[in-house]
2 protein chains.
Amino acid sequence: MTARILDGNALAQRLQIELAEKAAQFTAQFGHPPKLSAVLASDDPASAQYVRMKRRDCKKVGIISETFEMDASSTQEQVEETIASLNDDPRVHGILVQLPLPPQIDEERALQLVALPKDVDGFHPINIGKLAMKGREPSFAPATPSGCMELLKEAGVNLSGANAVVLGRSNIVGLPMAMMLVKANATVTICHSRTQDLTAQLRRADVVIAAIGRPNFVQADWLNEKAVVIDVGTNRIDDPSDKRGYRWVGDVDFEAAVKVVRAISKVPGGVGPMTRTMLLVNTIRAAWRQAENA
Amino acid sequence: MTARILDGNALAQRLQIELAEKAAQFTAQFGHPPKLSAVLASDDPASAQYVRMKRRDCKKVGIISETFEMDASSTQEQVEETIASLNDDPRVHGILVQLPLPPQIDEERALQLVALPKDVDGFHPINIGKLAMKGREPSFAPATPSGCMELLKEAGVNLSGANAVVLGRSNIVGLPMAMMLVKANATVTICHSRTQDLTAQLRRADVVIAAIGRPNFVQADWLNEKAVVIDVGTNRIDDPSDKRGYRWVGDVDFEAAVKVVRAISKVPGGVGPMTRTMLLVNTIRAAWRQAENA
């Protein structure tokens, strides 16, 4: 038997059709489109590339976007002034502070300045706190775990009472993912580099979220036949047979796992496009909420 | 073999001797003692009793305390004004908003008003968010899970890589406990009412935190001989043989478990006194920090 393959590209495209409609409605009703502003204060080419991709995504669904390209030697004050001016601008609905920030910038202080209704990345500590707390809802949840939740829904998983293993405990994936799964009534185990019996933990898992950034790390025989596997890893490995000389692989040995498990997401084309789409979902939601509360 | 019994009363008393010294030093240096202010806006006798106990604890170590007894029909504005005035009072180092608040009060909004340096309960969503996030530290962690961490330290548990099972996911115990254990490098499983294979989860556990409020629920044969068990439950059960007609029991069947596990906390006399002591720890820490940053 072969697993069902969870196609993030296809799901993202379906969602983007709905998003384009909502953006068009917004623009028609309020006379200006939803807007996302990105703060890029780094000369890291990967960060610049991420921001360019996010802007291209925005354009596809009718969100306008702008990038504040700040010098990598910008001061804390300059970054904070930029964020404050975006908070104050009623035409800006979402603010994206591209991480990592340069070392002279206190990231915690900067992220905490983003106005909650515009925190479309969901990285403000108040939003993380509310994501964790029972009976509270953050204004926005981070894009990657939100994208994973959509893929789990697509897979038809009943999360209530399911054993979910989250591999990784980063602030942007593992931790918020674990909190979202607890809220969805899963029994959640958070595993990481210090975990001693990872294979035993994974063998019991109905849901596996792999987010540790180790290429092909999770072996097929660590997984069971009922498992739904979401692979967040995006690791570049050398591949002379590829014309670029490399290819992208996930944290799970896909070729072997696909023969064992019930469903698995692809890398690339799984979590990646869903993460990008969830940022658009959050931005359009932010625009509607702000316009309706104005 | 019999388990080591983790005596919260004894540990609390040892900590309180240190706390009394720190409070006396503070008073000598700054001319006024550390101060905790409680907001009690409920006519629930249990809440009033908790506040009285907390004030008695304060007195023992040299913290002065006061209670703002507000009418149970107080408005949101009145509660918020009380909190704001305590935020502004430089002689007040810790603010305790006794929960639950009456139904007409938006608890989330009220707790969010407490100034972070005075949030000795650690319930502000920013503090919960920072407790969850890697690389961030809350100004204060909630008292009950902090008390459990002290009991685990007392038991000599090496948490790194340990399998910890947290039973319960409340905002004041289960969730922050899970986050603190992840930060201590444990592999953490969060179990709750929807968990389907609780006995299997518990059998693998090196550390068990029971916090679900079900008397004697956890059976001895669900636990293994290496397990260190912290029982957060405080459940009143009828007992005609007791002169009061009732007694307090935990969430774990203590009499049977004590013959099986490596270490276990008592109920009463385990987590309870440690919770009360950690509030004092937080208050004295708050006082020193505020005085030194003034």
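Residues numbered from 1 in each chain as written. Chains lettered and ligands numbered in written order. Predicted model: local features only at pLDDT ≥ 70, side-chain atom pairs only at ≥ 80, totals over all residues. Heavy atoms only, no water.

### Remarks on the pairing of strand β7 (residues 207-210) of chain B
All names here are of chain B.
Step number 1: Going residue by residue along β7, you find Val207 and Ile209 tucked away on one face and Val208 and Ala210 tucked away on the opposite face as well.
Step number 2: Here strand β5 (residues 163-167) pairs with β7 via 4 bridges, running parallel. The residue bridging Val166 from the neighbouring strand is Ile209, located in β7.
Step number 3: Pairing geometry for β7 and strand β8 (residues 228-231), over 4 bridges, is parallel. Of the residues in β8, the one forming a bridge with Val208 is Val229. (Buried < 20%, exposed > 50% of the residue type's maximum accessible area, 1.4 Å probe, protein only. Helix = DSSP H or I, 4+ residues; strand = E, 2+ residues; numbered from the N terminus. Pairing = 2+ DSSP bridges.)

### Here's the deal with empty space enclosed by the protein
Step number 1: As enumerated under the stated definition, the model contains 3 cavities of 30 Å³ or more in all.
Step number 2: Volume-wise, the largest cavity comes out at about 80 Å³.
Step number 3: Where the lining of the largest cavity is concerned, the elements lending two or more residues are α7 (174-183) of chain A together with α7 (174-183) of chain B.
Step number 4: Residues belonging to the lining of the largest cavity are distributed by class as follows: 10 nonpolar, no polar and no charged. (1 Å grid on protein atoms, 1.4 Å probe; cavity = no way out; pocket = protein on both sides within 12 Å on 5 of 7 lines; lining within 4 Å. Points joined across faces, edges and corners; volume = space filled by probe spheres on them. Nonpolar A, V, L, I, M, F, W, Y, C, P; charged D, E, K, R; others polar.)

### Considerations on the nonpolar core
Step number 1: In terms of nonpolar packing, the biggest core is built from 121 residues, with A:Leu152, A:Leu181, B:Leu152 and B:Leu181 touching the most fellow members.
Step number 2: With near-sequence residues (within four places) excluded, B:Leu152 lies in contact with B:Val157, B:Leu159, B:Leu181, B:Val207, B:Ile209, B:Val228 and B:Ile230.
Step number 3: In this structure, B:Val165, B:Trp222, B:Val261 and B:Ile264 belong to the second largest nonpolar core, which totals 21 residues. (Core = buried A, V, L, I, M, F, W, Y, C linked by side-chain atoms within 4.5 Å. Contact = heavy atoms within 4.5 Å.)

### Quick look at the domain arrangement of chain A
Step number 1: Once the domains are mapped, chain A shows domain 1 (32-117) and domain 2 (143-272).
Step number 2: Here the C-alpha centre of domain 2 of chain A lies 29 Å away from the C-alpha centre of domain 1 of chain A. (Domains from an automatic or database assignment.)

### Quick notes on the packing of helix α6 (residues 143-154) of chain A against helix α10 (residues 271-293) of chain A
All names here are of chain A.
Step number 1: At their nearest, the axes of α6 and α10 sit 8 Å apart, and the two run at 115 degrees to each other. Relative to α10, the element α6 lies roughly perpendicular. Pair α6 / α10 crosses with right-handed handedness. Facing Ala143, Thr144, Ser146, Gly147, Cys148, Glu150 and Leu151 of α6, the residues of α10 in contact are Val271, Met274, Thr275, Met278 and Leu279.
Step number 2: The class makeup of the residues in the contact of α6 with α10 is 7 nonpolar, 4 polar and 1 charged. (Axes fitted to C-alpha atoms, helices over the stretch in contact; angles between N-to-C directions. Parallel < 35°, antiparallel > 145°, perpendicular 65-115°, else oblique. Left-handed = near helix turned anticlockwise from the far one by under 90°.)

### Here we look at the pattern of salt bridges
Step number 1: Here the structure, examined in full by the defined rule, presents 25 salt bridges over all chains.
Step number 2: A salt bridge links B:Arg136 to A:Glu108, with the nearest nitrogen and oxygen atoms 3.7 Å apart. Placement of B:Arg136 in the loop between α5 (125-132) and α6 (143-154) and of A:Glu108 in helix α4 (residues 107-113) is noted, with the two residues assigned to different chains.
Step number 3: Its relative accessible area of 6% is what places B:Arg136 among the buried residues. (Salt bridge = Lys/Arg side-chain N within 4 Å of Asp/Glu carboxyl O.)

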